[in-house]
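Structure at a glance
Take a look at the letters that make up each chain.
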Amino acid sequence: MAEIIQINKNTWRLEDGFVRFFLLEGKEKSVLIDSGVGSSDAFELAQTITDKEIILLNTHGDVDHISGTGSFSTIYMHESDYNNCGIGHKYPKTSLIKVEDGDVLDLGNRPLRIVHIPGHTIGSIAILDINERVLYAGDSVQKGHIFLFGNHRAPELYLDSLSKLVSLTSEYDYIYASHDEYKLSNDYSIKVKNAWEKVLSGQAIYEDADLFGNKVKSYTLEDCGFYL
Ligand SMILES: [Zn+2]
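Keep in mind it's a predicted model, so treat the numbers as computed, not measured.

Things to note about the coordination of the zinc ion
Every protein donor of the zinc ion is accounted for by Asp64 (OD), His65 (NE2), Asp139 (OD) and His179 (NE2), and the metal-donor separations fall at 2.1 to 2.2 Å. Because the angles between the four donor atoms bound to the zinc ion fall within 88 to 155°, the donor set is best described as irregular. When the donors of the zinc ion are listed by position in the chain, the intervening gaps give D-H-x73-D-x39-H. Here His179 lies in the loop between β13 (174-176) and β14 (183-185) and His65 lies in the loop between β5 (53-57) and β6 (74-77), a separation of 114 residues in the sequence.

Here's what the structure looks like:
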């Protein structure tokens, strides 16, 4: 069972040990942003926090973010990850509601803007909580290593996505991450972008590493890094 920690009046983080997900409440509805790795009961869990209607919105389709999908009848996410990550096969009773770059979901006096940021996965999105000035960035901006190897990744698109997040820094003060430290200041997206540019230009060194049976290049630049 994930540990529920209240961040402020209408925002909670749910910590399941490996990954973090979030519940945001508006005047009319609530949204669960992701559902962790071991929370197949995510809907029931969210109901213990809010009595408003609850929708599920996924930052991306990696297995550690989607365990509660089957407890909802619909899921909001980018179509690319829904298809590439086989969500329809894994959860045949849950249907897709597509979200795209620029869409705004309003929870009732709490608008959330979708920002498409392909890289970590092709269908990764960030969610800008406009009034609260917080960016939920999934696994695309975090302390520690960001996975960019394997299927359904798009490292060739990642720099443009980071540039997009940097261009939006006047609209958010904090980034809430899914792994490692939960609260990062907005300039952390600049730090990740600078680090990624060093990797792309060949200025960063790497070590060979074995990750879940994959041979990867592990780049570490201060407190951020990448697995390629
Ligand atoms: Zn993750």
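Comments concerning the environment of Ile4
Looking at the element boundaries, Ile4 is found in strand β1 (residues 3-8). Owing to a relative accessible area of 33%, Ile4 belongs among the partly exposed residues under this scheme. Each C-alpha atom, one on Ile4 and one on Thr220, is 31 Å from the other, the two residues being 216 residues apart in sequence. When near neighbours in sequence (up to four residues on either side) are disregarded, Ile4 contacts Trp12, Arg13, Leu14, Leu45, Thr48 and Ile49.

Description of the sheet that holds β13
The mixed open sheet is built from six strands, whose spatial order is β8-β9-β10-β11-β13-β14. Strands with a single pairing partner mark the edges of an open sheet, and in this sheet they are β8 (104-106) and β14. On average, each strand axis in the sheet is inclined to that of its neighbour by 25°, with strand direction left out of account. Judged from the five bridges that link them, strand β9 (residues 111-116) and strand β10 (residues 125-129) form a sheet pairing that is antiparallel. Each bridged residue has a counterpart across the sheet, and for Val115 the counterpart in β10 is Ala126.

As for helix α4 (residues 155-167)
Relative to the 18 Å expected for 13 residues at 1.5 Å per residue, α4 spans 19 Å between its end C-alpha atoms, a close match to the ideal helical length. Of the positions making up α4, those classed as buried are Tyr158, Ser161, Leu162 and Leu165. In a view along the axis of α4, the buried residues occupy a sector of 105°, so they form one face of it. In α4, those exposed residues whose orientation departs by more than 90 degrees from the buried face are Glu156, Asp160 and Ser167.

What counts, and where the lines are drawn
Residues numbered from 1 in each chain as written. Predicted model: local features only at pLDDT ≥ 70, side-chain atom pairs only at ≥ 80, totals over all residues. Heavy atoms only, no water. Donors = N, O, S within 2.8 Å, 3.2 Å for Na, K, Ca; no water. Tetrahedral: all angles 85-135°; square planar, octahedral: opposite > 155°, others 65-115°. Helix = DSSP H or I, 4+ residues; strand = E, 2+ residues; numbered from the N terminus. Buried < 20%, exposed > 50% of the residue type's maximum accessible area, 1.4 Å probe, protein only. Contact = heavy atoms within 4.5 Å. Pairing = 2+ DSSP bridges. Axes fitted to C-alpha atoms, helices over the stretch in contact; angles between N-to-C directions. Expected span 1.5 Å × (residues − 1). Arc of directions from axis to C-beta.

Geometric values such as these leave the question of function open.
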